[in-house]
Amino acid sequence: MNTELIKELADSCPLIKNLIEFKETFWFNPNITTFEEGLPYVGLTADDVKNAAERLKRFAPYIAKVFPETSKYNGIIESGIENIEKIKTELAALGYKNIKGDLLLKKDSHLPVSGSIKARGGIYEVLKYAEDLAVEANLLSYSDNYEKLCSKEFTDFFSRYSIAVGSTGNLGLSIGIISAALGFNVFVHMSADASQWKKDRLRFLGVNVIEYNSDYSIAVEKARKGAENNPLCFFVDDENSRNLFLGYSVAGERVRKQLEDMNITVDVKNPLFVYLPCGVGGGPGGVAFGLKLAFGDNVHCIFAEPTHSPCMFLGVYTGMHDKISVRDIGIDNITAADGLAVGRASGFVGRAMKRLIDGYYTVEDRNLYCLLALLNKTEKIKLEPSALAGMLGPVHTSRSTDYLKFLNIDTETMKNAKHLVWATGGGMVPDKEFNEYIKKAELISLRPFL
Ligand SMILES: *Cc1c(COP(=O)(O)O)cnc(C)c1O
């Protein structure tokens, strides 16, 4: 804990006091800009995202072949959007009244291959690395049918290379699964947060899992070090990778099509709010970038973090980005939301996206558990605790009159709003673990912030 720093920040950043006290806090960022103004600062373009989407299309025949569960979508790894209106009544009964607009759930929890949002960025990054290697070696050209990557020629070729990553669980799971399928040697450095079943599954696939009794930053550091002096080892840099970010951002255009197919209009009179659970920031940042490209100023992205790991909130709010860790303000970064257990945000994402993310809020672990049980009860959907972080977002935005005034959204318009809660993981959680979540939820009750 850095008491000097806390003192220094006290006046300019009054909400830090709430964060230190682990109070659920919403901050709307008054420094946001229009999409047009903010876009140049991202450092990436619509063309970059288009290229990423095209790369995923090239790989689709390969993905369909290796992961048969994707074959009915022709090898495109995508999740559905569902209406979850029923949970509104339950939330109202618990004191979360007056959500204005409709509630929708984006089920990245049920993305094929690895059952979390990491099936976007993580898999994309490895595919790009594999493609670069194979093209460089004249084994592959962009117009080939990529199904040939299943052949022994390719798995032998990739087995000369390794991939290293540090993770709290889901990124390691994604990287491990796709890398092992391609034939790479994989080293997944897992923080203490990682669930046993994720490590077991990876070892079963022949992945090298290295465990640490410490948090995410140490696991990443070790993975980085391990890869440093080995030119044949590629380090997946969760904190800085532009490719990871682009893999996530492909979601934006796909969501635009999905909503269109559902006859849902998004425009000035029908705003779209999207609530994204945030760990280091690459996932939600990349998705938000894609959404901004697809919907411009009519989409409003809000990041959600556990009260014990509010790294992006803290980084953007203080303007210190990756120069500050939650530990500097005495926060322990210990949370049941293992996908979000990150103490220091990505400096790249925070700086690139700070003008385009409308707000940040924190949520207590106990509420994540209760919401998990509630959603399972009303919709029979299995999520992991991290994936519920976005669930209270619609309550925050509906209640935040200052914020809505800033956006020029009146009560009538707000009634037309769509709230898309991004459920980021849980589809592959074994029943045994899931039942433990439910048991925990039964012991606690939802604690409304008022
Ligand atoms: C990784 C993860 C996130 C957040 O992604 P970051 O890139 O770390 O911000 C959210 N939810 C789940 C379940 C995750 O695994």
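In what follows, the accompanying structure is described. (Residues numbered from 1 in each chain as written. Predicted model: local features only at pLDDT ≥ 70, side-chain atom pairs only at ≥ 80, totals over all residues. Heavy atoms only, no water.)

Moving on: empty space enclosed by the protein. Scanning all chains against the criterion turns up 4 cavities of 30 Å³ or more. Taken as a whole, the largest cavity spans an internal volume of roughly 250 Å³. Along its surface, the largest cavity is lined by 25 residues, and Ile117, Lys118, Gly279, Gly339 and Leu340 are the ones closest to its centre. Broken down by element, the lining of the largest cavity gets its largest block of residues, 3 residues, from helix α13 (residues 282-295). Taken together, the residues of the lining of the largest cavity break down into 10 nonpolar, 12 polar and 3 charged. A domain split of the lining of the largest cavity shows at least three residues from each of domain 1 (3-114 + 245-442) and domain 2 (118-244). Estimates place the volume of the second largest cavity at around 130 Å³. Leu56, Ile77, Ala119, Arg120 and Arg254 are, among the 14 residues lining the second largest cavity, the residues nearest its centre. (1 Å grid on protein atoms, 1.4 Å probe; cavity = no way out; pocket = protein on both sides within 12 Å on 5 of 7 lines; lining within 4 Å. Points joined across faces, edges and corners; volume = space filled by probe spheres on them. Helix = DSSP H or I, 4+ residues; strand = E, 2+ residues; numbered from the N terminus. Nonpolar A, V, L, I, M, F, W, Y, C, P; charged D, E, K, R; others polar. Domains from an automatic or database assignment.)

Tallied over the full model, the rule gives 32 salt bridges. One salt bridge in this structure joins Lys65 and Glu147, with 3.7 Å as the shortest N-O distance. Placement of the pair is Lys65 in helix α4 (residues 46-66) and Glu147 in the loop between α6 (118-136) and α7 (152-158), with a sequence separation of 82 residues. In this structure, Lys148 engages Asp144 in a salt bridge whose closest nitrogen and oxygen atoms are separated by 2.8 Å. Residue classification places Lys148 among the partly exposed positions, given a relative accessible area of 30%. A single network of salt bridges, built from pairs that share partners, joins Glu78, Lys106, Asp108, Arg120 and Arg254. (Salt bridge = Lys/Arg side-chain N within 4 Å of Asp/Glu carboxyl O. Buried < 20%, exposed > 50% of the residue type's maximum accessible area, 1.4 Å probe, protein only.)

Neighbouring the ligand are 17 residues, the closest being Lys118, Asn170, Gly281, Gly283 and Thr424. The separation between an oxygen atom of the ligand and a polar main-chain atom of Val280 is 3.0 Å. The backbone of Gly282 places a nitrogen or oxygen atom 3.3 Å from an oxygen atom of the ligand. In isolation the ligand exposes 370 Å². Once the protein is present, 98% of that is buried. Sorting elements by how many residues they give to the shell around the ligand places α13 first, with 3 residues. Within the shell around the ligand, the residues separate by chemical class into 6 nonpolar, 9 polar and 2 charged. (Near = heavy atom within 4 Å. Polar contact = N/O pair within 3.5 Å; in protein donor to acceptor, adjacent residues only side chain to side chain. Areas by Shrake-Rupley, 256 points an atom, 1.4 Å probe, with all protein chains shown as cover.)

A separate point is the pairing of strand β4 (residues 162-167). Of all 6 residues in β4, 6 are buried; the element is thus mostly enclosed. In β4, alternate side chains face the same way, and those of Ser162, Ala164 and Gly166 on one face and Ile163, Val165 and Ser167 on the other are all buried. Relative to strand β5 (residues 185-190), β4 runs parallel, the two being bridged by 6 bridges. Considered in β5, the bridge of Ile163 is made with Val186. Where the polypeptide runs from β4 across helix α8 (residues 170-182) and back to β5, its parallel neighbour, the crossover connection is right-handed. (Pairing = 2+ DSSP bridges. Right-handed = clockwise from strand over helix to strand, strands pointing away.)

Time to look at the layout of surface pockets. Quantified by volume, the largest pocket comes out at close to 470 Å³. Around the largest pocket, the lining comprises 18 residues; the ones closest to its centre are Ala53, Val250, Glu253, Arg254 and Lys257. Within the residue set of the lining of the largest pocket, elements represented by two or more residues are α4, α12 (251-261) and α13. It is α4 that provides the largest number of residues to the lining of the largest pocket, a total of 7 residues.

So, about the pairing of strand β8 (residues 272-277). Within β8, 6 of the 6 residues are buried, leaving the element largely enclosed by the surrounding structure. As judged from the 6 bridges shared by β8 and strand β9 (residues 299-306), these two strands associate in the parallel manner. Paired with Phe273 across the strands is His300, a residue of β9. For the segment spanning β8, α13 and β9, crossover handedness is right-handed. Looking at chain direction, β8 and strand β11 (residues 418-423) are connected through 4 bridges and run parallel. When the bridges of β11 are listed, Leu272 appears paired with Lys418.

Time to look at helix α1 (residues 3-10). Every buried residue of α1 is listed here: Leu5, Ile6 and Leu9. For α1, the angular spread of the buried residues around the axis is 100°, confining them to a single face. The outward face of α1, more than 90 degrees from its buried face, is lined by the exposed residues Lys7 and Glu8. Residues of α1 that are buried make contact with α2 (16-20) and α14 (311-318). (Arc of directions from axis to C-beta. Contact = heavy atoms within 4.5 Å.)

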